[in-house]
Number of protein chains: 2
Amino acid sequence: MELLLLSNSTLPGEEFFAWPIPYVTGFVQDRPRIAFVPFAAPEEQRDGYVEKVRPAFEGMGASIFSLHQEKDPVKALDNADVVAVGGGNSFLLLRDLYRTGLVRAIADKVRKGLPYIGWSAGANVACPTIMTTNDMPIVETPSMRALHLIPFQINPHFTEDTIPGHGGEGREQRLAEFLALNPTMPVLGLREGSLLHVQDDRISLHGRDLKLFRHGKDPLVVQKDQEFRRELSDL
Amino acid sequence: MELLLLSNSTLPGEEFFAWPIPYVTGFVQDRPRIAFVPFAAPEEQRDGYVEKVRPAFEGMGASIFSLHQEKDPVKALDNADVVAVGGGNSFLLLRDLYRTGLVRAIADKVRKGLPYIGWSAGANVACPTIMTTNDMPIVETPSMRALHLIPFQINPHFTEDTIPGHGGEGREQRLAEFLALNPTMPVLGLREGSLLHVQDDRISLHGRDLKLFRHGKDPLVVQKDQEFRRELSDL
């Protein structure tokens, strides 16, 4: 099983999908057919989303086809060397993964070896649930259970910063509340400009350090370029 | 029907529940028995939450009892002159409103005249759904449908500001996505330090201006101390 889980697609002030290029280039090498999942965008924006993503992947020598334009998206997955799940709204993404039956099809295929790339919402749905998303719940989902490709939660776009002069909860307070309600589930706070590369039992962190949150323990900083087990037993 | 829907309890740097005092004092006058709903806090924090809220209401001449400490919370509601729903996490609040049967009991009683105060998550659950919350979905709810005491959504803690140097979506982008998926539902962006006072068909806005979002229209600024109809037909 191989996954590339990115916190985000684009850093402020940079071109779309600029920072991930060095990492994704290696990942898609000799895997030229990318099945793209644009469900995190509202329906009327999905065609445009594909055309935004296409040149980024073509620049890395890969070609993409979008599952939202396929009559049978589950069957179309057979033609893919990689499945790539884009960012946007995690609830919308998960709702349409359920609607199309892709929630099971993608999980099955990735467990059997289909490489998976996901950024932002696409990294969220690789987790057991989408309960550590930052997104607004703009649609109902049948459940918050997601692909469960990894045994921990990711909080993408992680930051300790808050809006100046604003009283709403910061990210660390929200995650502490998640842990209070879900005390056995660890959360990795994945900063913008960083990613996890999962290869079977091993995970490596690239780009920036991350913060690991566990119930009843102090947050732990994991340095970039560090390797650890997917069970987090060595952290 | 009478509701007081507050964006937030406390402004940065102020004492807990300081800014609402002038408004809430009038609302609880001659209504001294307040049934408090602390479900937006994690279970082990609820006793503490009541003790934090108690002096604020006692200072306004009212006394509170907490529905989480009642054997039969639905029945206990009969002893209340006002129901007050506190802030915290909207998903947790709504889950436990369903679990206790209070979701229906509160909606019924408020429609029949029981005055309602809610702040932050407590204002969110007065809406048709909790789909415009800013909170993290830390628990599953049976549905996102809420008390539906008003025919529009509120986004509490509304701000145009974002975290400096951070690529995550701003509030207006999130609300635009909500509207794209829910095009018939208006959203009021209620700023910190402001509230809506609903009296049957009339609503007045106090504290600060707000921003009204409707699908396919430019946002509309509503000035503070303005009155409008709950159907928003005069805006």
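Since we're looking at a predicted model, the values are computed, not measured.

Rules behind the numbers
Residues numbered from 1 in each chain as written. Chains lettered and ligands numbered in written order. Predicted model: local features only at pLDDT ≥ 70, side-chain atom pairs only at ≥ 80, totals over all residues. Heavy atoms only, no water. Least-squares fit on C-alpha atoms with pLDDT ≥ 70 in both. Contact = heavy atoms within 4.5 Å. 1 Å grid on protein atoms, 1.4 Å probe; cavity = no way out; pocket = protein on both sides within 12 Å on 5 of 7 lines; lining within 4 Å. Points joined across faces, edges and corners; volume = space filled by probe spheres on them. Helix = DSSP H or I, 4+ residues; strand = E, 2+ residues; numbered from the N terminus. Core = buried A, V, L, I, M, F, W, Y, C linked by side-chain atoms within 4.5 Å. Buried < 20%, exposed > 50% of the residue type's maximum accessible area, 1.4 Å probe, protein only. Axes fitted to C-alpha atoms, helices over the stretch in contact; angles between N-to-C directions. Parallel < 35°, antiparallel > 145°, perpendicular 65-115°, else oblique. Pairing = 2+ DSSP bridges. Right-handed = clockwise from strand over helix to strand, strands pointing away. Polar contact = N/O pair within 3.5 Å; in protein donor to acceptor, adjacent residues only side chain to side chain.

1. So, the relation of the copies chain B and chain A
Piece 1. For the pair chain B and chain A, the best superposition has an RMSD of 0.0 Å and corresponds to a rotation of 180° with a translation of 0.0 Å parallel to the axis. Each copy turns onto its partner about a two-fold axis. Relative to the rotation axis, the C-alpha of isoleucine 163 of chain B is the closest in chain B, positioned 2.4 Å from it.
Piece 2. Of the interface residues in chain B, 100% have counterparts in chain A that sit at the interface too, so the contact is made through matching surfaces.

2. Regarding empty space enclosed by the protein
Piece 1. Taken as a whole and assessed by the stated rule, the structure comprises three cavities of 30 Å³ or more.
Piece 2. What the largest cavity holds in volume is close to 540 Å³.
Piece 3. Contributing to the lining of the largest cavity are 29 residues, with Ile163 and Arg174 of chain A together with Ile163, Arg171 and Arg174 of chain B lying nearest its centre.
Piece 4. Those elements giving two or more residues to the lining of the largest cavity turn out to be helix H7 (171-181) of chain A together with helix H7 (171-181) of chain B.

3. Here we look at the nonpolar core
Piece 1. Within the largest apolar cluster, 121 residues are counted, with the highest numbers of intra-cluster contacts made by Tyr116 and Leu196 of chain A together with Tyr116 and Leu196 of chain B.
Piece 2. Not counting residues up to four positions away in its chain, the partners in contact with leucine 196 of chain B are Leu3, Leu4, Leu5, Phe152, Ile154, Leu188, Leu190, Ile203, Ser204, Leu205, Leu210 and Phe228 of chain B.

4. A few points about the packing of helix H4 (residues 90-100) of chain A against helix H5 (residues 102-111) of chain A
Residues and elements named next belong to chain A.
Piece 1. Taken N-terminus to C-terminus, the directions of H4 and H5 make an angle of 90°; their axes are 5 Å apart at the nearest point. Classified by the angle their axes make, H4 and H5 are roughly perpendicular. For the pair H4 and H5, contact is made by Leu94, Leu97, Tyr98 and Thr100 and by Leu102, Val103 and Ile106, respectively.

5. With respect to the pairing of strand E3 (residues 63-66) of chain B
All names here are of chain B.
Piece 1. Direction of pairing for strand E2 (residues 33-37) relative to E3: parallel, over a ladder of four bridges. Directly across from alanine 35, in E3, lies its bridge partner phenylalanine 65.
Piece 2. In the classification by handedness, the crossover that spans E2, the intervening helix H2 (residues 46-58) and the parallel E3 is right-handed.

6. A closer look at H4 of chain A
Piece 1. For H4 of chain A, a buried count of eight out of eleven residues is recorded, marking the element as mostly surrounded by other parts of the structure.
Piece 2. Looking only at H4 of chain A, the buried set comprises Ser90, Phe91, Leu92, Leu93, Leu94, Arg95, Asp96 and Leu97 of chain A.
Piece 3. In the core, the buried residues of H4 of chain A are packed alongside strand E2 (33-37), helix H2 (46-58), strand E4 (82-85), H5 and helix H6 (121-124) of chain A together with H7 of chain B.
Piece 4. A distance of 2.9 Å separates the backbone nitrogen of phenylalanine 91 of chain A from a side-chain oxygen at the start of H4 of chain A, and that oxygen is part of asparagine 89 of chain A.

7. Considerations on unusual backbone geometry
Piece 1. With phi around 60°, leucine 232 of chain A is a residue other than glycine that occupies positive phi space.
Piece 2. Positioned with a positive phi, aspartate 30 of chain B is a non-glycine residue whose angle comes to about 65°.
Piece 3. Residue placement: aspartate 30 of chain B occurs in the loop between helix H1 (21-28) and E2.
Piece 4. Taking relative accessible area as the criterion, aspartate 30 of chain B reaches 74% and is therefore assigned exposed.

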